Amino acid sequence: MKINKIIDLIEGKIVEGEHYSEENITRIFASDLMSDVLTIKTEEPLLLITGLSNLQTIRTCEMSDIKAIIFVRGKKSTEDMRKLAAENDMILIETPFSMYRTSGILYNAGILPLY
Amino acid sequence: MDFEYQIEGGDFTNAGATSSAVKKILKQLGVNPEIIKRTVVALYEAEVNIVAHAYRGSIIVNLEDHKISIKLIDEGPGIEDIEKAMEQGYSTASQKVREMGFGAGMGFSNMKTNTDSLIVNSSPGIGTTVEIINYF
């Protein structure tokens, strides 16, 4: 599913990487535990749903080759986070919806889970 | 080729900067993406460990045609019981480290999964040395 469509479904907005909004995402993982994110193994374009908003969230996704991140429940990214995301060609999205609601909507829309 | 990086304990703003630099070097060299990912995930776990537990450390990266070896040497409290530290779920991480999304006791086992060779040595009260080797 294209990032643009995901944004519509979760009433989100892109705060970094607007020019990647036509990118396609095929799998989603949701976690606040970065140690768990680091164990992921996939070669498909992956998106992370998380409530953890700090620099290490971006670093973890950089190491794990995760293309896009949705911050739930209105969690805001900082300028440092957006800068690091831009350096790594990532897309950062913010949504007012909870992790449960965001996951439910995107699961129902047909995006596959990882495990 | 040898590269050396310095790490400050407690500096969460820069935690991962070395792993990021190594990832860029491996990409430039055209190393297989799967091996790049395995290497940088293991290195990142080890780098975060220095920031989370030690006072300071250095990371020495040695690159050969078909092999990368990374030595992480820190000055810190060391590990009393390495076998226990390797157990999944065991962690001595502070609340601050947990707030960063780490400290679940998964680091060492994930490092093992992502390396061809992992050697951990520690002297309590002095520091810890971790050596990671991956073959291309």
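Structure shown above.
Since the structure is predicted, the reported quantities are computational estimates derived from the model, not experimental observations.

What counts, and at which threshold
- Residue indices begin from 1 for each chain and proceed along its sequence in written order.
- Lettering for chains starts from A, numbering for ligands starts from 1, and both go in the order in which the items are written.
- In keeping with the model being predicted, local features are shown solely for residues with a pLDDT of at least 70 and side-chain atom pairs are shown and tallied solely at 80 or more, while totals for entire chains, interfaces and linings include all residues.
- The side-chain figures draw on all heavy atoms in the structure; neither hydrogens nor water molecules are used.
- Working convention: axes come from line fits to C-alpha atoms, limited for helices to the stretch in contact. Angles between N-to-C directions cover 0 to 180 degrees.
- In this description a helix means any DSSP run of H or I spanning at least four residues, a strand means any run of E spanning at least two, and both kinds are numbered starting from the N terminus.
- Oblique is the label for every angle not falling under 35 degrees (roughly parallel), over 145 degrees (roughly antiparallel), or within 65 to 115 degrees (roughly perpendicular).
- The contact criterion used throughout is that any non-hydrogen atoms of two residues lie within 4.5 Å.
- When residues are grouped by polarity, Ala, Val, Leu, Ile, Met, Phe, Trp, Tyr, Cys and Pro land in nonpolar, Asp, Glu, Lys and Arg in charged, and all others, Gly among them, in polar.
- Multiplying 1.5 Å by the helix residue count minus one yields the expected span of that helix.
- Three exposure classes are used, based on accessible area relative to the maximum for each residue type with a 1.4 Å probe and protein chains only: buried under 20%, partly exposed in between, and exposed over 50%.
- By this definition, two strands are paired if DSSP reports at least two bridges between them.
- Residues belong to one nonpolar core when they are buried, are Ala, Val, Leu, Ile, Met, Phe, Trp, Tyr or Cys, and are joined through side-chain atoms within 4.5 Å.

So, on to the packing of helix H3 (residues 55-63) of chain A against helix H2 (residues 33-53) of chain B. Across the interface, H3 of chain A lies against H2 of chain B with an axial gap of 9 Å and an inter-helix angle of 150°. Here H3 of chain A is positioned roughly antiparallel relative to H2 of chain B, judged by the angle of their axes. Listed contacts from H2 of chain B to Gln56, Arg59, Thr60 and Met63 of chain A of H3 of chain A are Lys37, Val40, Val41 and Tyr44 of chain B. Residues belonging to the contact of H3 of chain A with H2 of chain B are distributed by class as follows: four nonpolar, two polar and two charged.

A few words now on unusual backbone geometry. Excluding glycine, residues mostly have negative phi values, and the peptide bonds linking residues are mostly trans. Residue and element names in this part refer to chain A. Residue Glu11 is not a glycine yet carries a positive backbone phi of 50°. With respect to the helices and strands, the residue Glu11 is situated in the loop between helix H1 (3-10) and strand E1 (13-16). For Asp89, which is not a glycine, the phi torsion comes out positive at approximately 55°. Within the secondary structure, Asp89 is located in the loop between helix H4 (79-87) and strand E5 (91-94).

Between its first and last C-alpha atoms helix H1 (residues 17-28) of chain B spans 17 Å; for twelve residues at 1.5 Å apiece the expected length is 16 Å, and the two agree. Turning to H1 of chain B, its buried residues number three or more, namely Thr18, Ser19, Ser20, Val22, Lys23, Ile25 and Leu26 of chain B. Elements in contact with the buried residues of H1 of chain B: H3 of chain A together with strand E1 (2-8), H2, strand E2 (56-64) and strand E3 (67-75) of chain B.

Moving on, we get to the sheet that holds strand E6 (residues 112-113) of chain A. All names here are of chain A. Ordered in space as E1-E5-E4-E3-E2-E6, the six strands form an open sheet in which the pairing is mixed. A strand with exactly one partner marks an edge of an open sheet, and here the two such strands are E1 and E6. Judged from the three bridges that link them, E1 and E5 form a sheet pairing that is antiparallel. Its bridge partner lying in E5, Ile14 is registered against Ile93. Sheet contacts for helix H5 (residues 99-108): strand E2 (27-30), strand E3 (46-50), strand E4 (68-71) and E6; angle to E3, the most-contacted strand, approximately 150°.

Along the chain, Asp74 of chain B falls in strand E3. When residues no more than four places from it in sequence are discounted, the contact partners of Asp74 of chain B are Ile50, Ala54, Arg56, Gly57, Ile126, Gly127 and Thr128 of chain B.

Our next topic: the nonpolar core. By size, the foremost hydrophobic cluster in this structure holds 60 residues, and its most contacted members are Ile58 of chain A together with Ile59, Ile70, Leu72, Phe102 and Ile132 of chain B. Looking at this core element by element, the count peaks at eleven residues for H2 of chain B. Contacts of Leu72 of chain B, omitting those with residues within four sequence positions, involve Leu43, Ala46, Glu47, Ile50, Ser58, Ile59, Thr128, Thr129, Val130 and Ile132 of chain B. With 18 residues, the next largest nonpolar core counts Ile3, Ile7, Ala68 and Ile93 of chain A among its residues.

Residues and elements named next belong to chain B. Spatially, the five strands line up as an open sheet ordered E1-E2-E3-E5-E4, and their pairing is antiparallel. Each edge of the open sheet is held by one strand with a lone partner, namely E1 and strand E4 (117-123). On average, each strand axis in the sheet is inclined to that of its neighbour by 10°, with strand direction left out of account. The sheet contact formed by E3 and strand E5 (residues 127-135) spans nine bridges and is antiparallel. Bridging across to E5, Asp74 finds its partner in Thr128. Packing against the sheet, H1 makes contact with E1, E2 and E3, and its axis sits at approximately 160° to E1.

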